[in-house]
Amino acid sequence: MYLQKKVFSIFSILTLTLLIAGCATRPELSTESASGSSSETTDSNYPITITHALGETVIESKPERIATISWGNQDTPLALGVLPVGVSTANYGVTDGSGLLPWTKEAFENLGVTQALLFDDVAGLDFEAISDVQPDVILAAYSGITQEEYDLLSEIAPVVAYRTAPWQTFWRDQIIYDAMGIGLEAEGKALVSDLEQLIEEKTATYPELNGIKAAFFYFNPTDLGKFYVYLPSDPRAAYLLDLGMEFPDSVKALTEDSSSFALELSAENVDRLDDIDLIITYGTDGLLESLQKDPLISTLPAVQNGSVAIIEDATPLAASGTPSALSIPATIDEYLAILAEAVKTDQ
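Remember, predicted model here, so these are calculated numbers, not experimental data.

### Overview of helix α5 (residues 171-181)
And then number 1: Most of α5 sits out of view: 11 of its 11 residues are buried.
And then number 2: Those residues of α5 that sit buried are W171, R172, D173, Q174, I175, I176, Y177, D178, A179, M180 and G181.
And then number 3: Within two residues after α5, G183 carries a phi angle of roughly 75°, on the positive side.

The structure is reproduced here in structure tokens:
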């Protein structure tokens, strides 16, 4: 779900800045995690140190007041039965005005909270509001915070930042890092295992997706002279590997041109992507017709065949394209069904 995450409505999934990197195999859990932490994090083995891209975070004792910022980080403590004292407003995919995606809202309600405290940080971090909840730790394992923002947040409480690069944290690492930040590393690893098993069970019923060369795109229907391809370092692209698909060689090659999570291409270069079997994109009714009428985009074999899975823009399902601990079980059935239907178009 950020391009300043708003390279249009979509990227406002998370207000960020187009970045990326590459990876061509199924994303692996990589937690060069907390020096000083064990699989069972208890008060007896604090302090713990979590190493991340912006430095080292030392947590002196088990946090009681958990704040989360940016995209999806609140879902990890909620999935583990821990109530955050404040979370960022979901700025994409919310259709009921609550500021929370449905799976997050349901998790709060299941823990007895009908009105969560939200940070209105769409236009930038609300440092005062974050400070007001007096957090013991701030979770931001999937985020785009800068070094300056990290330093300012660290004056409020220890901050768990992203492991390698902004907006390039896969769901496994997000869960593990956020779980480490609240003293529940073992529980976080168990949650990852449970979700992997769920994904394996669900994808087994869609063998037609296995081995499909798939890529996640963004098209602006009012300007098809350019488009965006999410690169393998982007979590929504990497999630396709979990669902049994593969990265086309053409998309892997694009990582040589960018260190960001997405890359803008001119439609004149569309022939570079002729090995894609399935395109996944945000959009609305009529997008496929527009693509098939465009003189350049229409030359893509996947577009010619109608093998375009369109996820309705600004919906919870679109938001779940960037997966989290709670969004995966909430939306995987609907997501797989749409992908499989688009693949059938090519059969």
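### Things to note about the environment of I199
And then number 1: In this fold, I199 is placed in helix α6 (residues 185-203).
And then number 2: Overall, the relative accessible area of 4% leaves I199 in the buried class.
And then number 3: Here the alpha-carbon distance between I199 and P329, two residues 130 residues apart in the chain, equals 8.4 Å.
And then number 4: Ignoring sequence-local partners within four residues, the contact set of I199 consists of W171, Y239, D242, L243, I328 and I332.

### Section: helix α2 (residues 102-110)
And then number 1: Along α2, the residues classified as buried are W103, T104, A107 and F108. Projected onto a plane normal to the axis of α2, the buried residues spread over an arc of 140° and lie on a single side.
And then number 2: Residues of α2 that are buried make contact with α1 (75-79), β5 (84-88), α11 (316-319) and α12 (327-344).
And then number 3: G112 occupies a position one or two residues after α2 and carries a positive phi of about 90°.

### Some points on the side chain of S327
And then number 1: Position of S327 relative to the elements: it lies in helix α12.
And then number 2: On the accessibility criterion, S327 (1% relative accessible area) is buried.
And then number 3: Polar side-chain contacts of S327 include one of 2.8 Å to the backbone nitrogen of S324.
And then number 4: Beyond its immediate chain neighbours, meaning those up to four positions away, S327 contacts D75, W103, S320, T322 and I332.

### Quick look at the packing of aromatic side chains
And then number 1: Summed over the entire model, instances satisfying the criterion amount to nine aromatic pairs.
And then number 2: An angle of 80° between the planes, with centres 5.3 Å apart, marks the rings of Y142 and W167 as edge-to-face. You can see Y142 sitting in the loop between β7 (137-139) and α4 (147-154) and its partner W167 sitting in the loop between β8 (159-160) and α5, a full 25 residues away along the chain. For the pair Y142 and W167, one class covers both residues: buried.
And then number 3: Both rings, one in F216 and one in Y282, keep their centres 5.2 Å apart while their planes meet at 50°; by these two values the pair is tilted. Here F216, found in strand β9 (residues 214-219), pairs with Y282, found in strand β12 (residues 278-283); they are 66 residues apart in sequence, far enough to count as distant. Residue F216 shares its accessibility class with Y282, and that shared class is buried.
And then number 4: One aromatic cluster is present, formed by Y92, F216, Y230, F261 and Y282 through successive ring pairs.

Conventions we followed
- Each residue is numbered by its place in its chain's sequence as written, counting from 1.
- Only residues with pLDDT of 70 or above have their local features reported here, since the model is predicted, and side-chain atom pairs are shown and tallied only from 80 upward, although totals for entire chains, interfaces and linings are computed over all residues.
- Heavy atoms throughout the structure, all of them, feed into the side-chain values; hydrogens and water do not.
- For every residue, the accessible area obtained with a 1.4 Å probe (protein chains only) is divided by the maximum for its type, and the residue is called buried under 20%, exposed over 50%, and partly exposed between those limits.
- The secondary structure listing takes helices from DSSP runs of H or I that are at least 4 residues long and strands from runs of E that are at least 2 residues long, numbered from the N terminus.
- Here, residues are in contact when the closest pair of their heavy atoms is within 4.5 Å.
- Here, the arc refers to the directions that run from the helix axis to the C-beta atoms.
- Contacts described as polar in this section are N or O atom pairs within 3.5 Å, which, within protein, must combine one atom able to donate a hydrogen with one able to accept it, while residues neighboring in sequence count only if both atoms come from side chains.
- Pairing of aromatic rings covers Phe, Tyr and Trp, the last counted by its six-membered ring, and requires centre-to-centre distances within 6.5 Å; plane angles under 30 degrees mean stacked, over 60 mean edge-to-face, and any other angle means tilted.

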